[in-house]
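Below are the chains, spelled out letter by letter.
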Amino acid sequence: MSSLPVSNPVRPRRSRRFIVAGSAAVLIAIALAFVYASRSQGAEPPGPKVASVPVSVGQAEQRDMPVWVSAIGTVQPLNVVTVKTRVDGQLDKVAFTEGQMVKAGDLLAEIDPRPFQATVDQAQANLHKDDAQRANAELDLQRYAKLSSLQVVPAQQLDAQKAQAQSLLASVASDRGAVDGARLQLGFTRITAPIGGRVGQRLVDQGSQVHATDTTGLVTITQIQPITVTFQVPQDVLPEVMDAQAAGQARVSVSTRDGSRHLADGALVFVDSQVDAGTGQIMLKAQFVNEDRSLWPGEFVAARLLLRVQPHAVVVPSRAVQRDQNGAYVYVVDAQHAAQSRPVRLGVANGDLQVVEEGIRVGDTVVLDGQSLLTPGAKVNIVPSSAVATGAST
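Residues numbered from 1 in each chain as written. Predicted model: local features only at pLDDT ≥ 70, side-chain atom pairs only at ≥ 80, totals over all residues. Heavy atoms only, no water.

**Quick look at the overall build of the protein chain**
Broken down by element type, the protein chain carries 5 helices and 22 strands. By sequence separation, contacts in the protein chain at least 24 residues apart represent 76% of the contacts at least 6 residues apart. When the accessible surface of the protein chain is totalled, it reaches about 24400 Å², and 52% of it is carbon and sulfur. (Helix = DSSP H or I, 4+ residues; strand = E, 2+ residues; numbered from the N terminus. Contact = heavy atoms within 4.5 Å. Areas by Shrake-Rupley, 256 points an atom, 1.4 Å probe, with all protein chains shown as cover.)

What follows is the structure, encoded as C-alpha coordinates:
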(Lines give C-alpha, C1' and ligand atoms only; values in the text may rest on other atoms or scores of the structure.)
Protein backbone atom coordinates (compact mmCIF):
# COMPACT_ATOMS: atom_id res chain seq x y z
CA MET A 1 0.00 0.00 0.00
CA SER A 2 1.42 3.19 -1.08
CA SER A 3 1.74 6.04 1.39
CA LEU A 4 0.22 9.47 0.65
CA PRO A 5 2.43 12.59 0.80
CA VAL A 6 2.24 14.52 4.01
CA SER A 7 1.54 18.32 3.62
CA ASN A 8 3.81 20.93 5.35
CA PRO A 9 1.73 23.01 7.82
CA VAL A 10 4.24 25.92 7.97
CA ARG A 11 4.18 26.89 4.30
CA PRO A 12 0.73 28.57 4.32
CA ARG A 13 1.67 30.71 7.33
CA ARG A 14 4.77 32.05 5.60
CA SER A 15 2.88 32.94 2.46
CA ARG A 16 0.33 34.88 4.46
CA ARG A 17 3.12 36.84 6.16
CA PHE A 18 4.60 37.76 2.82
CA ILE A 19 1.26 38.94 1.57
CA VAL A 20 0.69 41.16 4.64
CA ALA A 21 4.21 42.62 4.53
CA GLY A 22 3.88 43.39 0.86
CA SER A 23 0.59 45.16 1.37
CA ALA A 24 2.04 47.30 4.18
CA ALA A 25 5.01 48.25 2.02
CA VAL A 26 2.71 49.31 -0.76
CA LEU A 27 0.63 51.43 1.61
CA ILE A 28 3.75 53.12 3.08
CA ALA A 29 5.03 53.89 -0.39
CA ILE A 30 1.70 55.44 -1.37
CA ALA A 31 1.68 57.58 1.82
CA LEU A 32 5.23 58.79 1.25
CA ALA A 33 4.41 59.66 -2.32
CA PHE A 34 1.34 61.63 -1.17
CA VAL A 35 3.34 63.57 1.45
CA TYR A 36 6.11 64.33 -1.03
CA ALA A 37 3.59 65.55 -3.59
CA SER A 38 1.81 67.80 -1.10
CA ARG A 39 5.09 69.34 0.10
CA SER A 40 6.24 69.83 -3.44
CA GLN A 41 3.09 71.76 -4.28
CA GLY A 42 3.49 74.23 -1.30
CA ALA A 43 7.25 74.64 -1.43
CA GLU A 44 8.86 78.02 -2.26
CA PRO A 45 11.02 78.33 -5.32
CA PRO A 46 14.67 77.50 -4.71
CA GLY A 47 17.14 80.30 -3.89
CA PRO A 48 18.50 82.17 -0.80
CA LYS A 49 15.93 84.03 1.29
CA VAL A 50 17.09 87.55 2.35
CA ALA A 51 15.31 88.99 5.45
CA SER A 52 15.33 92.76 6.15
CA VAL A 53 16.17 94.02 9.62
CA PRO A 54 13.60 96.34 11.30
CA VAL A 55 15.25 99.59 12.39
CA SER A 56 14.26 103.13 13.33
CA VAL A 57 16.15 105.99 11.75
CA GLY A 58 16.83 109.72 12.10
CA GLN A 59 18.49 112.49 10.13
CA ALA A 60 21.83 114.18 10.64
CA GLU A 61 21.18 117.90 11.12
CA GLN A 62 23.17 121.12 11.23
CA ARG A 63 22.63 123.48 14.14
CA ASP A 64 24.41 125.74 16.62
CA MET A 65 25.47 123.46 19.45
CA PRO A 66 25.92 124.84 22.99
CA VAL A 67 28.94 123.48 24.85
CA TRP A 68 28.35 122.95 28.57
CA VAL A 69 30.39 121.78 31.52
CA SER A 70 28.43 119.87 34.15
CA ALA A 71 28.92 119.44 37.89
CA ILE A 72 27.05 118.71 41.11
CA GLY A 73 26.31 121.92 43.00
CA THR A 74 25.03 122.97 46.41
CA VAL A 75 22.37 125.64 46.94
CA GLN A 76 23.57 128.30 49.37
CA PRO A 77 21.70 131.39 50.64
CA LEU A 78 23.18 134.84 50.24
CA ASN A 79 22.57 135.65 53.91
CA VAL A 80 21.66 133.71 57.04
CA VAL A 81 21.00 135.81 60.16
CA THR A 82 20.35 134.62 63.70
CA VAL A 83 18.10 137.22 65.30
CA LYS A 84 19.06 138.01 68.91
CA THR A 85 17.77 140.46 71.49
CA ARG A 86 19.91 143.52 72.25
CA VAL A 87 18.36 144.25 75.64
CA ASP A 88 17.34 142.20 78.66
CA GLY A 89 13.71 141.67 79.54
CA GLN A 90 10.64 139.51 79.29
CA LEU A 91 9.52 138.38 75.85
CA ASP A 92 5.96 139.71 75.73
CA LYS A 93 5.05 138.86 72.13
CA VAL A 94 6.13 136.58 69.28
CA ALA A 95 4.86 138.07 66.03
CA PHE A 96 5.93 135.43 63.51
CA THR A 97 5.07 131.86 62.62
CA GLU A 98 7.64 129.24 61.77
CA GLY A 99 8.32 129.06 58.04
CA GLN A 100 6.87 132.50 57.35
CA MET A 101 8.31 134.75 54.63
CA VAL A 102 9.20 138.17 56.06
CA LYS A 103 10.54 141.43 54.70
CA ALA A 104 13.25 143.57 56.20
CA GLY A 105 11.72 145.66 59.01
CA ASP A 106 8.81 143.32 59.78
CA LEU A 107 8.08 142.89 63.49
CA LEU A 108 9.26 139.56 64.89
CA ALA A 109 8.91 139.94 68.66
CA GLU A 110 8.44 142.47 71.48
CA ILE A 111 10.11 142.73 74.89
CA ASP A 112 8.33 144.38 77.85
CA PRO A 113 8.98 148.09 77.15
CA ARG A 114 7.91 149.57 80.52
CA PRO A 115 11.31 149.62 82.27
CA PHE A 116 12.88 151.24 79.23
CA GLN A 117 10.10 153.79 78.93
CA ALA A 118 10.72 154.76 82.57
CA THR A 119 14.40 155.28 81.80
CA VAL A 120 13.46 157.54 78.89
CA ASP A 121 11.18 159.60 81.13
CA GLN A 122 13.90 159.98 83.76
CA ALA A 123 16.45 161.08 81.19
CA GLN A 124 14.05 163.63 79.77
CA ALA A 125 13.39 165.03 83.28
CA ASN A 126 17.13 165.51 83.86
CA LEU A 127 17.38 167.20 80.50
CA HIS A 128 14.62 169.66 81.35
CA LYS A 129 16.19 170.43 84.76
CA ASP A 130 19.65 171.07 83.41
CA ASP A 131 18.29 173.03 80.47
CA ALA A 132 16.44 175.35 82.87
CA GLN A 133 19.60 175.88 84.89
CA ARG A 134 21.49 176.57 81.70
CA ALA A 135 18.96 179.22 80.65
CA ASN A 136 19.18 180.90 84.06
CA ALA A 137 22.99 180.88 83.97
CA GLU A 138 22.99 182.50 80.54
CA LEU A 139 20.68 185.27 81.79
CA ASP A 140 22.99 185.88 84.78
CA LEU A 141 25.91 185.94 82.37
CA GLN A 142 24.24 188.70 80.36
CA ARG A 143 23.66 190.72 83.52
CA TYR A 144 27.25 190.28 84.70
CA ALA A 145 28.47 191.36 81.32
CA LYS A 146 26.55 194.65 81.55
CA LEU A 147 27.70 195.29 85.10
CA SER A 148 31.26 194.42 84.19
CA SER A 149 31.18 197.01 81.41
CA LEU A 150 30.22 199.56 84.06
CA GLN A 151 33.01 198.19 86.26
CA VAL A 152 30.51 197.28 88.95
CA VAL A 153 31.34 193.56 88.89
CA PRO A 154 34.92 192.38 88.86
CA ALA A 155 36.18 190.51 85.79
CA GLN A 156 36.85 187.38 87.84
CA GLN A 157 33.19 187.02 88.74
CA LEU A 158 32.22 187.47 85.11
CA ASP A 159 34.61 184.67 84.10
CA ALA A 160 33.18 182.38 86.76
CA GLN A 161 29.67 182.98 85.44
CA LYS A 162 30.81 182.15 81.92
CA ALA A 163 32.29 178.87 83.14
CA GLN A 164 29.09 177.95 84.94
CA ALA A 165 26.98 178.68 81.86
CA GLN A 166 29.25 176.52 79.68
CA SER A 167 29.20 173.72 82.24
CA LEU A 168 25.42 173.69 82.30
CA LEU A 169 25.39 173.73 78.49
CA ALA A 170 27.56 170.61 78.51
CA SER A 171 25.23 168.99 81.04
CA VAL A 172 22.30 169.65 78.73
CA ALA A 173 24.16 168.04 75.86
CA SER A 174 24.92 165.01 78.04
CA ASP A 175 21.28 164.80 79.05
CA ARG A 176 20.20 164.86 75.41
CA GLY A 177 22.58 161.96 74.76
CA ALA A 178 21.11 160.07 77.70
CA VAL A 179 17.61 160.62 76.32
CA ASP A 180 18.67 159.38 72.88
CA GLY A 181 20.32 156.32 74.44
CA ALA A 182 17.26 155.53 76.52
CA ARG A 183 15.02 155.86 73.46
CA LEU A 184 17.38 153.58 71.53
CA GLN A 185 17.14 150.93 74.24
CA LEU A 186 13.38 151.34 74.17
CA GLY A 187 13.44 150.81 70.42
CA PHE A 188 15.35 147.56 70.90
CA THR A 189 12.31 146.14 72.67
CA ARG A 190 10.75 145.84 69.19
CA ILE A 191 12.73 143.15 67.40
CA THR A 192 12.40 143.45 63.62
CA ALA A 193 13.72 141.41 60.71
CA PRO A 194 17.15 142.66 59.60
CA ILE A 195 16.78 141.02 56.17
CA GLY A 196 14.02 139.56 54.05
CA GLY A 197 13.76 135.81 53.93
CA ARG A 198 12.20 132.72 55.41
CA VAL A 199 11.81 132.39 59.15
CA GLY A 200 13.07 129.17 60.68
CA GLN A 201 12.15 127.38 63.87
CA ARG A 202 11.21 129.50 66.91
CA LEU A 203 13.91 129.08 69.56
CA VAL A 204 12.39 131.03 72.50
CA ASP A 205 8.88 130.83 73.90
CA GLN A 206 6.70 133.80 74.66
CA GLY A 207 7.01 134.88 78.29
CA SER A 208 10.62 133.79 78.64
CA GLN A 209 13.34 136.04 80.03
CA VAL A 210 15.84 136.95 77.32
CA HIS A 211 19.25 138.55 77.63
CA ALA A 212 21.59 140.29 75.26
CA THR A 213 24.30 137.81 76.25
CA ASP A 214 22.28 134.73 75.26
CA THR A 215 24.18 132.47 72.87
CA THR A 216 21.02 131.25 71.14
CA GLY A 217 18.86 133.74 69.34
CA LEU A 218 15.13 134.02 68.92
CA VAL A 219 14.97 132.72 65.35
CA THR A 220 17.04 132.36 62.18
CA ILE A 221 16.15 134.11 58.91
CA THR A 222 17.45 132.63 55.64
CA GLN A 223 17.45 134.73 52.49
CA ILE A 224 16.29 132.65 49.53
CA GLN A 225 15.50 135.37 46.98
CA PRO A 226 17.96 135.73 45.34
CA ILE A 227 20.01 132.61 46.05
CA THR A 228 23.29 131.07 44.89
CA VAL A 229 24.60 127.68 43.76
CA THR A 230 28.25 126.74 44.25
CA PHE A 231 29.91 123.99 42.19
CA GLN A 232 33.36 122.90 41.06
CA VAL A 233 34.68 122.35 37.53
CA PRO A 234 38.00 120.94 36.29
CA GLN A 235 40.86 123.39 35.95
CA ASP A 236 41.20 122.44 32.26
CA VAL A 237 38.07 124.43 31.38
CA LEU A 238 39.11 127.51 33.39
CA PRO A 239 40.27 129.49 30.31
CA GLU A 240 36.90 128.93 28.64
CA VAL A 241 35.12 129.86 31.88
CA MET A 242 36.98 133.16 32.08
CA ASP A 243 36.32 133.88 28.38
CA ALA A 244 32.61 133.20 28.82
CA GLN A 245 32.43 135.44 31.89
CA ALA A 246 34.28 138.24 30.11
CA ALA A 247 31.89 137.97 27.14
CA GLY A 248 28.85 138.02 29.41
CA GLN A 249 27.72 134.58 28.25
CA ALA A 250 28.43 132.61 31.43
CA ARG A 251 24.89 131.28 31.81
CA VAL A 252 24.23 128.56 34.39
CA SER A 253 21.32 126.13 34.28
CA VAL A 254 20.40 123.90 37.22
CA SER A 255 18.09 120.91 37.48
CA THR A 256 17.32 118.25 40.03
CA ARG A 257 20.24 116.02 40.95
CA ASP A 258 18.98 113.20 38.71
CA GLY A 259 18.39 115.65 35.85
CA SER A 260 14.70 114.83 35.59
CA ARG A 261 13.39 118.39 36.06
CA HIS A 262 14.78 121.81 35.18
CA LEU A 263 14.78 124.22 38.12
CA ALA A 264 16.22 127.61 37.22
CA ASP A 265 18.55 129.65 35.02
CA GLY A 266 21.05 132.13 36.38
CA ALA A 267 24.41 133.75 35.77
CA LEU A 268 27.95 133.11 36.94
CA VAL A 269 28.92 135.73 39.53
CA PHE A 270 32.11 134.42 41.12
CA VAL A 271 35.21 132.42 40.20
CA ASP A 272 37.46 131.41 43.08
CA SER A 273 40.95 132.86 43.16
CA GLN A 274 42.67 129.50 43.59
CA VAL A 275 42.47 126.00 42.16
CA ASP A 276 42.16 123.27 44.76
CA ALA A 277 45.55 121.56 44.65
CA GLY A 278 44.11 118.33 46.01
CA THR A 279 41.36 117.88 43.40
CA GLY A 280 42.50 120.03 40.49
CA GLN A 281 39.12 121.79 40.45
CA ILE A 282 38.03 125.38 40.95
CA MET A 283 34.95 126.60 42.77
CA LEU A 284 32.35 128.71 40.93
CA LYS A 285 29.23 130.47 42.17
CA ALA A 286 26.09 131.35 40.23
CA GLN A 287 23.19 133.53 41.34
CA PHE A 288 19.48 132.95 40.67
CA VAL A 289 16.41 135.13 41.19
CA ASN A 290 14.48 132.12 42.55
CA GLU A 291 11.07 133.75 42.28
CA ASP A 292 9.26 130.41 42.43
CA ARG A 293 11.49 129.18 45.30
CA SER A 294 12.44 126.10 43.32
CA LEU A 295 15.95 126.25 44.83
CA TRP A 296 16.18 125.44 48.53
CA PRO A 297 19.20 126.10 50.75
CA GLY A 298 21.36 123.04 51.31
CA GLU A 299 20.01 120.85 48.52
CA PHE A 300 22.18 119.21 45.85
CA VAL A 301 21.48 120.07 42.22
CA ALA A 302 22.92 119.32 38.79
CA ALA A 303 24.56 122.50 37.47
CA ARG A 304 25.61 123.24 33.89
CA LEU A 305 27.75 126.20 32.81
CA LEU A 306 27.55 127.37 29.20
CA LEU A 307 31.11 127.74 27.93
CA ARG A 308 30.49 128.59 24.27
CA VAL A 309 28.28 127.85 21.27
CA GLN A 310 29.70 125.80 18.38
CA PRO A 311 28.11 127.14 15.18
CA HIS A 312 26.95 125.00 12.21
CA ALA A 313 27.74 121.68 13.87
CA VAL A 314 26.63 118.35 12.37
CA VAL A 315 24.63 116.53 15.03
CA VAL A 316 22.90 113.16 15.32
CA PRO A 317 20.89 111.62 18.16
CA SER A 318 23.26 110.16 20.73
CA ARG A 319 21.77 106.67 20.49
CA ALA A 320 22.88 106.44 16.85
CA VAL A 321 26.53 106.23 17.96
CA GLN A 322 27.92 102.72 18.51
CA ARG A 323 31.36 101.69 19.76
CA ASP A 324 33.63 98.71 19.28
CA GLN A 325 37.33 97.95 19.66
CA ASN A 326 38.08 100.22 16.69
CA GLY A 327 36.25 103.24 18.06
CA ALA A 328 32.94 104.95 17.38
CA TYR A 329 30.82 104.23 14.32
CA VAL A 330 27.34 104.94 12.96
CA TYR A 331 25.11 102.86 10.67
CA VAL A 332 23.96 104.92 7.67
CA VAL A 333 21.07 103.81 5.44
CA ASP A 334 21.71 104.36 1.70
CA ALA A 335 19.24 104.76 -1.18
CA GLN A 336 18.94 100.97 -1.60
CA HIS A 337 17.86 100.60 2.05
CA ALA A 338 21.13 98.95 2.95
CA ALA A 339 22.97 99.73 6.18
CA GLN A 340 26.59 100.81 5.90
CA SER A 341 28.92 101.20 8.88
CA ARG A 342 30.87 104.48 9.00
CA PRO A 343 33.60 105.30 11.49
CA VAL A 344 33.10 108.75 13.00
CA ARG A 345 35.07 111.30 14.99
CA LEU A 346 32.93 112.68 17.79
CA GLY A 347 32.76 116.17 19.23
CA VAL A 348 30.86 117.44 22.24
CA ALA A 349 27.61 115.91 23.47
CA ASN A 350 24.61 117.83 24.78
CA GLY A 351 21.80 115.81 26.26
CA ASP A 352 20.48 113.44 23.60
CA LEU A 353 22.46 115.09 20.76
CA GLN A 354 26.01 114.27 19.67
CA VAL A 355 28.28 116.40 17.48
CA VAL A 356 30.03 114.44 14.73
CA GLU A 357 33.21 116.10 13.49
CA GLU A 358 33.94 113.62 10.67
CA GLY A 359 32.16 110.70 8.99
CA ILE A 360 28.60 112.03 8.71
CA ARG A 361 27.13 114.66 6.39
CA VAL A 362 24.03 116.78 6.86
CA GLY A 363 20.97 114.87 5.64
CA ASP A 364 22.40 111.38 6.13
CA THR A 365 19.90 108.81 7.41
CA VAL A 366 21.32 107.14 10.50
CA VAL A 367 20.06 104.11 12.38
CA LEU A 368 18.78 104.87 15.88
CA ASP A 369 17.46 101.49 17.05
CA GLY A 370 18.10 97.92 15.93
CA GLN A 371 21.87 98.11 15.42
CA SER A 372 22.45 94.84 17.30
CA LEU A 373 20.93 92.87 14.38
CA LEU A 374 22.77 94.75 11.65
CA THR A 375 25.82 93.83 9.62
CA PRO A 376 27.40 96.02 6.93
CA GLY A 377 25.32 95.77 3.75
CA ALA A 378 22.25 94.31 5.45
CA LYS A 379 18.86 95.33 4.13
CA VAL A 380 16.73 97.33 6.54
CA ASN A 381 13.04 97.87 7.05
CA ILE A 382 12.34 101.31 8.51
CA VAL A 383 9.76 101.13 11.30
CA PRO A 384 8.86 103.34 14.28
CA SER A 385 11.14 103.16 17.30
CA SER A 386 8.41 101.54 19.40
CA ALA A 387 8.09 98.74 16.92
CA VAL A 388 11.83 98.03 17.11
CA ALA A 389 11.69 97.92 20.91
CA THR A 390 8.67 95.59 20.81
CA GLY A 391 10.33 93.27 18.35
CA ALA A 392 13.51 93.14 20.42
CA SER A 393 11.60 92.32 23.58
CA THR A 394 9.70 89.48 21.97
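Moving on, there is more to tell.
**Description of the sheet that holds strand E4 (residues 89-94)**
On the basis of which strands lie adjacent, the open sheet formed by 4 strands has the order E7-E6-E4-E9 and antiparallel pairing. Looking at the sheet topology across the chains shown, the edges are occupied by strand E7 (190-192) and strand E9 (209-210). Pairing of E4 with E9, which is carried by 2 bridges, proceeds in the antiparallel orientation. In the strand pairing of E9, Gly 89 is matched with Val 210. (Pairing = 2+ DSSP bridges.)

**A closer look at the packing of aromatic side chains**
Here the structure, examined in full by the defined rule, presents 1 aromatic pair. Their ring planes at 90 degrees and their centres at 5.7 Å tell us that Tyr 329 and Tyr 331 sit as a pair that is edge-to-face. Residue Tyr 329 shares its accessibility class with Tyr 331, and that shared class is buried. The residue whose ring lies beneath Arg 304 is Trp 68, and the NZ or CZ to ring-centre distance is 4.1 Å. (Phe/Tyr/Trp six-rings, centres within 6.5 Å; stacked < 30°, edge-to-face > 60°. Buried < 20%, exposed > 50% of the residue type's maximum accessible area, 1.4 Å probe, protein only. Lys NZ or Arg CZ within 6 Å of the ring centre and 35° of its normal.)

**What about the side chain of Arg 134?**
Relative to the helices and strands, Arg 134 resides in helix H2 (residues 114-149). The buried category is assigned to Arg 134, whose relative accessible area is 16%. Non-local contacts of Arg 134, meaning those with residues more than four positions away in its chain, are made with Ala 165, Leu 168, Leu 169 and Val 172.

**Examining the environment of Ser 260**
Structurally, Ser 260 is set in the loop between strand E12 (251-256) and strand E13 (262-271). Looking at Ser 260, the relative accessible area reads 59%, which means it is exposed. Considering only alpha carbons, one finds Ser 260 and Ala 302, 42 residues apart in sequence, at a separation of 9.9 Å. Side chain to side chain, Ser 260 and Asp 258 meet in a polar contact 2.8 Å long. (Polar contact = N/O pair within 3.5 Å; in protein donor to acceptor, adjacent residues only side chain to side chain.)

**Considerations on the pattern of salt bridges**
Under the defined criterion, the tally for this structure stands at 11 salt bridges. Taking the shortest distance from any N to any O, the salt bridge between Glu 61 and Arg 63 comes out at 2.8 Å. Judged by its relative accessible area of 37%, Glu 61 falls in the partly exposed class. Put simply, Arg 308 and Glu 240 hold a salt bridge, and the shortest N to O gap is 2.8 Å. Of this pair, Arg 308 sits in strand E15 (residues 300-317) while Glu 240 sits in helix H4 (residues 238-246); the two residues are 68 residues apart in sequence, bridging distant segments of the chain. Judged by relative accessible area, Arg 308 falls into the partly exposed class, the value being 35%. (Salt bridge = Lys/Arg side-chain N within 4 Å of Asp/Glu carboxyl O.)

**Side note on the sheet that holds strand E8 (residues 197-199)**
With antiparallel pairing, the 4 strands of this open sheet are ordered in space as E3-E10-E8-E5. In this open sheet, the two strands that pair with only one neighbour each are strand E3 (80-83) and strand E5 (101-102).

**Some details on the confidence of the model for the protein chain**
Overall, the prediction assigns the protein chain a mean pLDDT of 86, with 85% of residues at 70 or greater. Counting contacts from residues 1-15, a segment whose pLDDT is below 50, to residues more than four positions away or on other chains yields 0 contacts. A low-confidence stretch, residues 40-45 (pLDDT under 50), is modelled with 0 contacts involving residues beyond four sequence positions or located in other chains. (pLDDT = per-residue confidence, 0-100.)

**Observations regarding the pairing of strand E18 (residues 339-343)**
Bridge analysis of strand E17 (residues 327-333) against E18 gives 5 bridges, and the strand direction is antiparallel. Bridge assignment links Tyr 331 to a residue of E18, and that residue is Ser 341. Counted along the chain from E17 to the antiparallel partner E18, the turn is 5 residues long, and its residue His 337 has a positive phi close to 60 degrees.

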